Amino acid sequence: MEIGRSSLRKQEKLRTRKDFEALKEHGKACRDPFFTVLVRAAVPDDPVQTTRYGIICSRKLHHSAVVRNRARRLITETFRLCKEIILPCSILVIPRRAMFGAKQQEVQEHLLRTLKKAGLTREKQTADIQSANS
RNA sequence: UGAACUGCAACGGCGGCCGCUUUGCUUUGCAAAGAGGAAAGUCCGGACUCCACAGGGCAGGAAGUCCUUCUUCAAGAAGGAUGUCGCGGGGGCAACCCCGCGGGAAGGAAAGCGCAACAGAGAACAGACCGCCGACCGUUUUCGGACGGCCGGCAAGGGUGAAACGGCGGUGUAAGAGACCACCGGGCUCCGGAGCGAUCCGGGCCGCAUGGCAAGCCCCUUCCGGAGCAAGGCCAAAUAGGGAACGAUGCCGUUGCCCGCGGCGUUACCAGUUCCGGGUUCUGGCCGCUUAGACAGAUGGUCGCCCCCGCGGAAACGCGGAGACAGAAUCCGGCUUAUGUUGCAGUUCGCUUU
RNA sequence: GGGCGUAUAGCUCAGUUGGUUAGAGCGCCACGUUGACAUCGUGGAGGUCGUAGAUUCGAGUUCUACUACGCCCA
């Protein structure tokens, strides 16, 4: 597995209002200085077992659309680069004000640390693959 | 040559790797296209769509000097002109005049209504506080007059105010006053001339009687039917089958209101029209929808080089930093607001040289 | 995206056709009353009227632009 050679499709995004409401109600919250993450393990009866993500970046966080767009794009890019080492689940990321102005590497660092805290990274289970690739 | 301000124009360039949206094709991929001057605020106008008509009146809204051009329903933009206001300079005792530069929601104040606090005697065809003058009475007297009271005349001086009912000099008078005169200013539905026109110039008349505010009401001229892509059209699914109004001098729609116009039918259940409620939902899909065209929302991430700045260095170069304001959602045009760097042009100021 | 509305004391609101010093209730502070508290009484503090510009002699009020907050739509 090599990081940086993956694509994202529409199926990997949370698209309906039901998905967002379910995550807001039943998701497990993990807080970070950069963002709040709501995670929920994949539905057992779902045969696809994909990792799906969503972002909430409302006008309340920042009035400038440019700043909000950059936050969204950085998070999307981080998911694209790191999706192979994340277990199948639904992730909802809500950026916080401290994240505005950060670089992509910093966002990736914070997101992986938060997901590792939640026990959703594949690092331990696939340590041999990681070492073999590196 | 430097600084400040104003206006206009362009916005980082190239390449590697990974990736996103749409379209097309010979479909495990390839090719093409992919944010702005403000995309913003939503302040205006138009296109477009619907409301079975768009007709009339009232209300409401927008614009407002003149000419030309662009545009053209209307707004709006550019250039020039006129008047006004502000600043600077000059003239004049002053009122005011002349010249230069600059500003813009620049119609009408003798159609009418309204307002002007406080101060001040008086604030709109006003006004006698301090004053000036005269007659009479009283006291006093150095016989010039002074003081007090009362009656009357006077808008010249002081003082108040944002604004005090033309300015200045003279004649005149008891004192004064456009009461009268010269000059200046002002007004006129007067006359003549110039100009397409706003308007200007000259003459005459008016002694000056009606000054300010219309981003107060209002009047005049021109224009505007209403709502807006969540407009609207087609298809599908689901829920409910509940409540209210309506029986033609009635209800609903059409514009806020009226007229007018259109729809609804008579057996009171059913059915119908409209409204409310309920259900579904980022409306379920497609069209509208775009040589960018999304519908959890694409136009990105990272690396290298060249541009810009700072430091070190003779240089090559090394290190660090910065590239503003800001992201389409039916489209187009205008206005306003946010803005860094570079280039060009204009104005003002400083320095140097001739 | 489109169409509207509001902003005045810590809170909820008044403020007339522009006019002197912007008011009311609750709250707050001090004093009195009480052994102490509540209640009550007296007094007081607290306002760049959301921001800036314009009109005017003079803007909470009129006009323009901006900011913040809120409501509606099929």
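Residues numbered from 1 in each chain as written. Chains lettered and ligands numbered in written order. Predicted model: local features only at pLDDT ≥ 70, side-chain atom pairs only at ≥ 80, totals over all residues. Heavy atoms only, no water.

Chemist: Just to check I follow, could you spell out the pattern of salt bridges for this structure?
Modeler: A side chain of one charge can pair with a side chain of the opposite charge when the charged atoms of the two come close. Evaluation of the coordinates by the stated rule reveals two salt bridges. Between glutamate 77 and arginine 80 there is a salt bridge whose closest N-O contact spans 2.5 Å. Taken together, the positions of glutamate 77 and arginine 80, both in helix 2 (residues 65–82) and three residues apart, correspond to about one turn of that helix. Residue glutamate 109 is joined to arginine 113 by a salt bridge in which the shortest nitrogen-to-oxygen separation is 3.6 Å. In this pair, glutamate 109 and arginine 113 are both assigned in helix 3 (residues 104–117), four residues apart and thus about one turn of the helix distant. By relative accessible area, glutamate 109 is classed as partly exposed at 49%. Given a relative accessible area of 42%, arginine 113 falls into the partly exposed group. (Salt bridge = Lys/Arg side-chain N within 4 Å of Asp/Glu carboxyl O. Helix = DSSP H or I, 4+ residues; strand = E, 2+ residues; numbered from the N terminus. Buried < 20%, exposed > 50% of the residue type's maximum accessible area, 1.4 Å probe, protein only.)

Chemist: How do you make sense of the packing of aromatic side chains when you look at a structure like this?
Modeler: The description of an aromatic ring pair rests on the distance of the ring centres and on the angle between the ring planes. Summed over all chains, the structure comprises two aromatic pairs. Ring geometry for phenylalanine 34 against phenylalanine 35: centres 6.3 Å apart, planes inclined by 80°, an arrangement best described as edge-to-face. The exposure class of phenylalanine 34 is buried, given its relative accessible area of 10%. Taken together, a centroid distance of 4.6 Å and an interplanar angle of 20° make the contact between tyrosine 53 and phenylalanine 79 stacked. Placement of tyrosine 53 in strand 3 (residues 52–55) and of phenylalanine 79 in helix 2 is noted, with a sequence separation of 26 residues between them. Relative accessible area serves as the criterion here: at 4%, tyrosine 53 is assigned to the buried category. Classification of phenylalanine 79 by relative accessible area gives buried; the value is 2%. (Phe/Tyr/Trp six-rings, centres within 6.5 Å; stacked < 30°, edge-to-face > 60°.)

Chemist: For this particular structure, what's the right way to read the confidence of the model for chain A?
Modeler: Caution applies to low-pLDDT regions: their predicted coordinates should not be interpreted in detail. Chain-level pLDDT for chain A is 74 on average; 78% of the residues reach the 70-or-more range. The low-confidence segment residues 124–134, where pLDDT is below 50, has six contacts with residues more than four positions distant or belonging to other chains. (pLDDT = per-residue confidence, 0-100. Contact = heavy atoms within 4.5 Å.)

Chemist: Looking at this model, I keep getting lost on the pairing of strand 1 (residues 28–31). Mind explaining?
Modeler: Along a regular strand, successive side chains alternate from one face of the sheet to the other. Summarising the sheet, strand 1 and strand 2 (residues 35–41) pair through four bridges and their orientation is antiparallel. Directly across from alanine 29, in strand 2, lies its bridge partner leucine 38. The loop that links strand 1 with its antiparallel partner strand 2 comprises three residues. (Pairing = 2+ DSSP bridges.)

Chemist: Would you mind going over the side chain of threonine 78 with me for this structure?
Modeler: Along the polypeptide, threonine 78 turns up in helix 2. Taking relative accessible area as the criterion, threonine 78 reaches 0% and is therefore assigned buried. Contacts of threonine 78, omitting those with residues within four sequence positions, involve Gln104, Val107, Gln108 and Leu111.

Chemist: I keep staring at the state of the cysteines and nothing clicks. Help me out?
Modeler: Note on terminology: disulfide describes a covalent bond linking the sulfur atoms of two cysteines. What the rule picks out here adds up to zero disulfides. Among the cysteines around cysteine 30, which has no disulfide bond, cysteine 89 carries the closest sulfur, lying 10 Å off. Among the residues examined, cysteine 30 registers a relative accessible area of 11% and is labelled buried. In this structure cysteine 89 comes out as buried when scored by relative accessible area, which is 0%. (Disulfide = S-S within 2.5 Å.)

Chemist: Could you clarify how one ought to interpret the nonpolar core in this entry?
Modeler: Across soluble globular proteins, nonpolar side chains have a tendency to be buried as a group. Phe35, Phe79, Ile91 and Met99 are the most contacted members of the largest nonpolar core, which totals 25 residues. For this core, the secondary-structure elements that each account for two or more residues are strand 2, strand 3, helix 2, strand 4 (89–95) and helix 3. Of all the elements, helix 2 adds the most residues to this core, at four residues. Excluding its chain neighbours within four sequence positions, the residues that come into contact with phenylalanine 79 are Tyr53, Ile86, Ile91, Val93 and Leu111. In this structure, Leu14, Phe20, Leu38 and Leu92 belong to the second largest nonpolar core, which totals five residues. (Core = buried A, V, L, I, M, F, W, Y, C linked by side-chain atoms within 4.5 Å.)

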